[in-house]
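# Summary of the model geometry
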Amino acid sequence: MLRTAAAPISVTEPGRRRLGLLPTAELTAAGVTKAEIAAAVRSGTWTRVRPGILISSADLAEVERTGRRPGLDALAVTTHLARPSAVLSGATAAWVWGLPRPRVTTPVVELTDPHRWRRGQGWLMTRASLPEDEMTVRGAYSVTTVARTLVDVARAWPEVHAVAAMDAALLRGLTTRAELQRVLDRQFCVPGIPRSVRAVQLADGRAESWLETLGRLTFAALGLPPFVPQVELWVGGRLVKVVDGWYPGPALAVEFDGRVKYARPAFGRTPAEELWREKRDEDLLRSLGVAFVRVVGDDLSGGRGALERQVRRSLDRPAPSVREFQEVPRPAGRTRTDAPLDDGWLARADDLVGAAPPSA
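Conventions adopted
- Residues numbered from 1 in each chain as written.
- Predicted model: local features only at pLDDT ≥ 70, side-chain atom pairs only at ≥ 80, totals over all residues.
- Heavy atoms only, no water.
- Core = buried A, V, L, I, M, F, W, Y, C linked by side-chain atoms within 4.5 Å.
- Buried < 20%, exposed > 50% of the residue type's maximum accessible area, 1.4 Å probe, protein only.
- Helix = DSSP H or I, 4+ residues; strand = E, 2+ residues; numbered from the N terminus.
- Contact = heavy atoms within 4.5 Å.
- Axes fitted to C-alpha atoms, helices over the stretch in contact; angles between N-to-C directions.
- Parallel < 35°, antiparallel > 145°, perpendicular 65-115°, else oblique.
- Left-handed = near helix turned anticlockwise from the far one by under 90°.
- Nonpolar A, V, L, I, M, F, W, Y, C, P; charged D, E, K, R; others polar.
- 1 Å grid on protein atoms, 1.4 Å probe; cavity = no way out; pocket = protein on both sides within 12 Å on 5 of 7 lines; lining within 4 Å.
- Points joined across faces, edges and corners; volume = space filled by probe spheres on them.
- Pairing = 2+ DSSP bridges.
- Phe/Tyr/Trp six-rings, centres within 6.5 Å; stacked < 30°, edge-to-face > 60°.
- Expected span 1.5 Å × (residues − 1).
- pLDDT = per-residue confidence, 0-100.

## Describing the nonpolar core
- Among the nonpolar cores identified, the biggest contains 65 residues, and Leu88, Leu111, Tyr141, Leu150 and Phe219 are the most heavily contacted of them.
- Among the elements that make up this core, the one with the highest residue count is helix α8 (residues 159–171) (eight residues).
- Once you skip the residues sitting within four places of it in the chain, Leu88 turns out to touch Ala74, Thr78, Ala93, Val96, Val109, Glu110, Leu111, Tyr141, Ser142, Val143 and Thr144.

## Considerations on the packing of helix α9 (residues 177–186) against helix α10 (residues 193–202)
- The interhelical angle for the contact between α9 and α10, taken along N-to-C directions, is 165°, at an axis separation of 11 Å. Taken together, the axes of α9 and α10 lie roughly antiparallel to each other. You can see that α9 and α10 cross each other, and the crossing is left-handed. Where α9 abuts α10, its residues Arg177, Leu180 and Leu184 lie against Ile193, Ser196, Val197 and Val200.
- Residue classes in the contact of α9 with α10 are distributed as five nonpolar, one polar and one charged.

## A few points about empty space enclosed by the protein
- Tallied over the full model, the rule gives one cavity of 30 Å³ or more.
- Computed from the structure, the largest cavity encloses a volume of approximately 50 Å³.
- Partitioning the lining of the largest cavity into residue classes produces four nonpolar, no polar and four charged.

## Re the pairing of strand β8 (residues 135–138)
- Strand direction decides the pairing type here: β8 and strand β9 (residues 141–144), joined by four bridges, are antiparallel. Bridging across to β9, Val137 finds its partner in Ser142.
- With antiparallel pairing between neighbouring strands as the criterion, β8 and β9 make up a hairpin whose turn holds two residues, including Gly139 at a positive phi of roughly 65°.

## Things to note about the sheet that holds strand β3 (residues 53–56)
- With antiparallel pairing, the three strands of this open sheet are ordered in space as β1-β3-β2. Of all the strands in the sheet, the pair left with one neighbour each is β1 (21–23) and β2 (46–50). Direction aside, neighbouring strands of the sheet carry axes that sit 40° apart on average.
- The pairing of β1 with β3 spans three bridges and is antiparallel.

## Overview of the packing of α8 against helix α11 (residues 210–221)
- Where α8 contacts α11, the two axes come as close as 9 Å, and the packing angle between them is 125°. Here α11 runs oblique to α8, going by the angle between their axes. Helix-helix and strand crossings are classified by hand; for α8 and α11 the assignment is right-handed. Between α8 and α11, the residues in contact are Glu159, Val160, His161, Val163, Ala164 and Asp167 and Trp210, Thr213, Leu214, Arg216 and Leu217, respectively.
- Here the residues of the contact of α8 with α11 sort into six nonpolar, two polar and three charged.

## A closer look at the environment of Leu124
- Within the element layout of this structure, Leu124 appears in strand β7 (residues 123–127).
- Leaving out residues up to four positions away in the same chain, Leu124 has contacts with Val108, Val109, Glu110, Leu111, Trp117, Arg118 and Arg119.

## So, unusual backbone geometry
- With a phi close to 55°, Ala82 is a non-glycine residue in the positive phi region.
- Turning to its location among the elements, Ala82 is positioned in the loop between α5 (69–81) and β4 (87–88).

## Quick word on the packing of aromatic side chains
- Under the criterion given, the structure shown has six aromatic pairs.
- With 5.9 Å between their ring centres and 50° between their planes, Phe227 and Phe256 make a pair best called tilted. Of this pair, Phe227 sits in the loop between α11 and β10 (228–235) while Phe256 sits in strand β12 (residues 252–256), and the two are 29 residues apart along the sequence. Residues Phe227 and Phe256 agree in their burial class; the two are buried.
- Measuring from centroid to centroid gives 6.1 Å for Trp246 and Phe325, while their planes differ by 90°, and the two rings are edge-to-face.

## So, α8
- With 13 residues, α8 extends 18 Å between its outermost C-alpha atoms, agreeing within 8% with the 18 Å of an ideal straight helix rising 1.5 Å per residue.
- In terms of burial, α8 is largely enclosed, as 12 of its 13 residues are buried.
- Gly173 sits one or two residues past α8 and shows a positive phi near 70°.

## Details of the confidence of the model for the protein
- On average, residues of the protein score 88 in pLDDT, and 88% of them are at 70 or above.
- Confidence drops under pLDDT 50 across residues 1–5; counting only partners more than four residues distant or on other chains, this segment forms 12 contacts.

Shown next as structure tokens:
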């Protein structure tokens, strides 16, 4: 029976750079027979992910464990198609860039090709213009640039998802407003482009989470005045807190609370330590006249009416007569972790994809 370790290194080494994919054409060219391939598939040693594309079952399990199945499916499609002119685009490109995306029940690998439209099982290739400066390579993926990706998805995605992706890209410095505008100018007659124009206008790279984006858009939809994002509050020369939103006049802080903030706190703190630290900081600021409105996801859906009334009441309250704190708006948002982002393709020192199985 063929074992994974029997695959020639001339195939497994390049395969490791594409999440362990093993094209049958490369295997047969390296001398592996069709009978050996069939035996390995029957035994479960290898799994067929697409016609002519295999992967060891161990590597497939590792890819799925580490959340990289979308990348594997994308590479399997591009390897199978073997079209240098086709690049990953749309929601697939958004995954490659590590941008937030709407949840879908049946993922489809999206591609763009300037010469041909095609559809297959689990993939869709759109024919559209692809200027050279709107294509790039990220790791193993040929992909549209961040700016082109964002403009493309904004034509189809719901507004909040499109704006959240733009906020995330601007926050991380993956693109600029000038780059987005250049793509918009080129697509002025493309169907749906007004939606992309509106999303760019609404984007703000100071938002540090999807919930903050949704909150900003919801406040605007409710007719509430805009808040200043990401404001540092200092007391006695010490940075006490950075609030998600700030109304300077009434000294009103707005905090958008997602579960992740408390379930997986930053900087090595436990959930209990995070809650205690936040309570102590807020107690201090409240004693100095700062008011807080805390917003969770439910407030931005079914609870909008109550949220609007709460914010308006807080805005109408008297401002503190003496300000024993300093407010310093940040010119830009900051990512909330010091760890490098793993967008699914980055090399890892402990990556098990393509590693030889331990000796029996």
